[in-house]
Amino acid sequence: MNSKREKRERVMGYCFILPAVVYMLIFIGYPIVYNWIISFQDVTATTLGSSARDFLGFDNYRAVFGDPTFPRAVKQTFFYTIFCLIFQFVLGFLFAMFFSKNFSFSKPIRGFIVISWMLPITVTALVFKFMFAEGNGIINTILLELHLIKEPIGWLIQEKTAMWGLIIANSWVGIPFNMLLLTTGLNNISTDVYEAASIDGANVFQRFARITLPLLKPTIMSVLVLGFVYTFKVFDLVYVMTGGGPVDATEVMSTYSYKLSFQLFHFGEGAAVANVLFVCLFLVALLYLKTISKDEVI
């Protein structure tokens, strides 16, 4: 009797997860597999709808790796991701430490900060694009009023400053995300641990280094990995603010793949770049799983 009931519950469980599995296979699994397939084929605007495509092997990958724009896009993607993670995590951690304390209006203020994370990325990109505008942008207006610059600066149209404009915009979006997760992790640490450490004579820095950081390590790892994934695959923010320019100064792997596929119509090469991006993120995920597996208690 119990075996029949268990079997029925197991079948019912499979029925519940079946829609999610079908959705994942159709909208995620199939595009990934199809993208790998066309990366080995000669797919252009003329052969996109045709089933008779030439198999090129690794020619698309050779063409991509031989293009001087590709290593620059890879370098700029990592540069953008690393500095965004640094700013997001450090400022998010400081905000989390601050808002983990109980004081008046802490929750309403924290709610207002989260608004920047809830806004659509395209809206944020347009706002920062206008803020960094050379003519009537608020950034130049403030700097001119403070006499820090003598003439307006084209922040997003100069090679040396365009990438930093993107980093500032993305950091503004990512700080609340880091703050929320880290605040949750801090609140899960029992106050009894800190009280015991204080009785034993531990000062603020010792409590932070020997209690907060070790107990917060799983949360920190999750924040860094999620932040890396979200930042590394950035497209909409870069596309709206700079479009990869000026002169490929802000070209990242996602915009480079888009340009190859939908502007130059070299779909095979664009798919190859997207697969390299996928492999990078996959390796980061494996590193994360390996790291957290060491901390698990068997």
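Up top is the structure these notes are about.
This one's a predicted model, so the numbers in the text were calculated from it and none came from an experiment.

A. Structural detail: the pattern of salt bridges. One pass over the structure, following the stated rule, counts five salt bridges. Note that R5 is salt-bridged to E9, the shortest N-O span being 3.5 Å. Within this pair, R5 and its partner E9 are both found in helix α1 (residues 2–38), separated by four residues, close to a single helical turn. A residue is classified by how much of its surface remains accessible, and E9, at 48% relative accessible area, is partly exposed. One salt bridge connects D59 with R62, and the closest N-O pair in it is separated by 2.6 Å. Residue D59 and its partner R62 are both found in helix α2 (residues 59–66); the two are separated by three residues, about one turn of the helix.

B. Molecular detail of the packing of helix α7 (residues 159–187) against helix α9 (residues 204–232). One can describe the packing of α7 onto α9 by two numbers: an axis separation of 10 Å at closest approach and a directional angle of 150°. Taken as axis vectors, α7 and α9 run roughly antiparallel relative to one another. The two elements α7 and α9 cross, and the hand of that crossing is right-handed. When α7 is examined against α9, the residues N170, F177, N178, L181, L182, G185 and L186 are found in contact with a partner set consisting of T212, L216, T219, I220, V223, L226, Y230 and T231. The residue inventory of the contact of α7 with α9, partitioned by class, reads nine nonpolar, six polar and no charged.

C. Representation of helix α8 (residues 191–199) within the structure. At the N-terminal boundary of α8, the capping side chain belongs to S190, with an oxygen 3.2 Å from the backbone nitrogen of D192. G201 lies just past α8 and shows a positive phi near 95°.

D. Representation of the side chain of T81 within the structure. Its place among the elements puts T81 in helix α3 (residues 69–99). T81 gets classed as buried once you look at its relative accessible area, which sits at 0%. Not counting chain neighbours up to four residues away, the residues in contact with T81 comprise F228, T231 and F232.

E. Examining α7 more closely. Across its 29 residues, α7 extends 43 Å between first and last C-alpha, which sits within 8% of the 42 Å expected from 1.5 Å per residue. At V173, α7 is bent by approximately 30°, the largest bend along its length, and proline P176 sits one to four residues beyond.

F. Main features of unusual backbone geometry. The amide bond that connects G245 to the next residue, P246, takes the cis arrangement and shows omega of -5°. Mapped onto the fold, P246 is located in the loop between α10 (236–241) and α11 (253–262). The backbone phi angle of V247 is positive, close to 55°, even though this residue is not glycine. Looking at where V247 falls in the secondary structure, it is placed in the loop between α10 and α11. On the accessibility criterion, V247 (61% relative accessible area) is exposed. Phi angles above zero are rare outside glycine, and F265 is one such case at about 60°. Among the structural elements, F265 can be located in the loop between α11 and α12 (267–295). With relative accessibility at 40%, the residue F265 sits in the partly exposed group.

G. Broad picture of the nonpolar core. Grouped together as the largest cluster of nonpolar side chains are 20 residues, with contacts concentrated most on Y80, F132, L166, V234, L237 and M241. Every element with two or more residues in this core is listed here: α3, α5 (121–131), α7 and α10. With sequence-adjacent residues up to four places away left out, L166 is seen in contact with Y80, L237, V238, M241, T242 and T250. Core analysis: the next-biggest nonpolar cluster, separate from the first, contains 18 residues, F228, F232, L260 and V273 among them.

H. Expanded view of the environment of A45. Along the chain, A45 falls in the loop between α1 and α2. In sequence terms A45 and F262 are 217 residues apart; their C-alpha atoms lie 9.2 Å from each other.

Cut-off values and rules
Residues numbered from 1 in each chain as written. Predicted model: local features only at pLDDT ≥ 70, side-chain atom pairs only at ≥ 80, totals over all residues. Heavy atoms only, no water. Salt bridge = Lys/Arg side-chain N within 4 Å of Asp/Glu carboxyl O. Helix = DSSP H or I, 4+ residues; strand = E, 2+ residues; numbered from the N terminus. Buried < 20%, exposed > 50% of the residue type's maximum accessible area, 1.4 Å probe, protein only. Axes fitted to C-alpha atoms, helices over the stretch in contact; angles between N-to-C directions. Parallel < 35°, antiparallel > 145°, perpendicular 65-115°, else oblique. Left-handed = near helix turned anticlockwise from the far one by under 90°. Contact = heavy atoms within 4.5 Å. Nonpolar A, V, L, I, M, F, W, Y, C, P; charged D, E, K, R; others polar. Polar contact = N/O pair within 3.5 Å; in protein donor to acceptor, adjacent residues only side chain to side chain. Expected span 1.5 Å × (residues − 1). Bend = angle between axes of the 7 residues up to and from the residue. Core = buried A, V, L, I, M, F, W, Y, C linked by side-chain atoms within 4.5 Å.

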